[in-house]
Amino acid sequence: MPTFIDRTDAGRQLAAALSEELEGVDCVVLGLPRGGVPVAAEVAHALGAPLDVLVVRKVGVPGQPELAMGAVASGDATVRNVDLLGALGIDDAAFERYADAQRAEVRSREQRLRGDRPEVPVADRTVVVVDDGIATGSTMQAALASLRQRDPARVVVAVPVAPPSACADLEALADEVVCLSTPAMFRAVGQWYDDFRQVGDEEVRSLLAQERETGRR
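Residues numbered from 1 in each chain as written. Predicted model: local features only at pLDDT ≥ 70, side-chain atom pairs only at ≥ 80, totals over all residues. Heavy atoms only, no water.

Caption draft 1: Quick peek at the overall build of the protein chain. Of regular secondary structure, the protein chain possesses seven helices and eight strands. Computed over its C-alpha atoms, the radius of gyration of the protein chain comes to 16 Å, within 12% of the 17 Å expected for a compact globule of 217 residues. Taken over the C-alpha atoms alone, the protein chain extends approximately 50 × 40 × 30 Å along its principal axes. Within the protein chain, the proportion of its 217 residues that are buried is 52%. Restricting the contact set of the protein chain to residue pairs at least 6 apart, pairs at least 24 apart contribute 67%. Roughly 9,900 Å² of accessible area belongs to the protein chain as shown, and the carbon and sulfur atoms make up 48% of that amount. (Helix = DSSP H or I, 4+ residues; strand = E, 2+ residues; numbered from the N terminus. Rg over C-alpha atoms; globule rule 2.2 N^0.38 Å. Buried < 20%, exposed > 50% of the residue type's maximum accessible area, 1.4 Å probe, protein only. Contact = heavy atoms within 4.5 Å. Areas by Shrake-Rupley, 256 points an atom, 1.4 Å probe, with all protein chains shown as cover.)

Structure below.
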């Protein structure tokens, strides 16, 4: 069943799919921490593009933190899973209480990962947003909502694996969606990797530091 050896392998396969179209284009590659950053690093390297992070946090259902009732991202962008909120009877005030805690975590994580490194400018550039896979799509939707506030010329979502329904939803929000594998039977992103170990903050900081040393902006 696994399609990818690990995130590095997934990133190289994704880069190969993107290189012909984006070769010579003024691109920025944004990885969603933490698991999306090693994938994004391979894409950035292949395209000769700068690498940065776009921090997104899931807003979990009380008592079921892995079930996303929404997500928040840099710039206080917010996405709500309206159907789920309605089904569970969670009102706007309750949602906002949980979302505020995640907004604070977004700001803290940005500082932790970037340190004193400024954001890479994205205005009027093609931006490739990368994750290691998509399950429901709410995290990527929040990322795109945040990114649109920064006036990119074009937005490309690039992921190794996602269910067809998630890709279809994202096609309405991005200029292009590139997904290498869209299995109909989809339980979790990790099932499509041989090695899906957790990625730590230190690894993300190291990848961003390497990018800084190349001087690509």
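Caption draft 2: A look at the environment of Arg 112. Structurally, Arg 112 can be placed in helix H4 (residues 92–114). You can call Arg 112 partly exposed: its relative accessible area is 30%. Separated by 28 residues in the primary sequence, Arg 112 and Leu 84 have C-alpha atoms spaced 32 Å apart. Those residues in contact with Arg 112, other than ones at most four positions away along the chain, are Glu 105, Asp 201 and Arg 205. One polar contact links Arg 112 to Asp 201, side chain to side chain, over a distance of 2.9 Å. (Polar contact = N/O pair within 3.5 Å; in protein donor to acceptor, adjacent residues only side chain to side chain.)

Caption draft 3: Seen up close, unusual backbone geometry. Here the amide bond leading from Pro 33 into Arg 34 is cis, since omega sits at -5°, within 30 degrees of zero. Along the chain, Arg 34 turns up in the loop between strand E1 (27–31) and helix H2 (36–47). Although it is not a glycine, Asp 124 adopts a positive phi angle of roughly 65°. Inspection of the secondary structure assignment puts Asp 124 in the loop between H4 and strand E6 (126–130). According to the relative accessible area criterion, Asp 124 is exposed, its value standing at 66%. For Asp 151, which is not glycine, the phi dihedral falls at a positive 60°. Within the secondary structure layout, Asp 151 lies in the loop between helix H5 (138–148) and strand E7 (154–161). Among the residues examined, Asp 151 registers a relative accessible area of 53% and is labelled exposed.

Caption draft 4: Structural context of the nonpolar core. Ranked by size, the top nonpolar core spans 38 residues in total, and within it Leu 14, Leu 18, Val 29, Met 69, Val 128 and Val 130 carry the most contacts. By residue number, the principal contributor to this core is H2, which donates seven residues. Excluding residues within four positions of it along the chain, Val 130 makes contact with Leu 14, Val 29, Leu 30, Gly 31, Leu 32, Gly 36, Val 39, Ala 40 and Ala 158. (Core = buried A, V, L, I, M, F, W, Y, C linked by side-chain atoms within 4.5 Å.)

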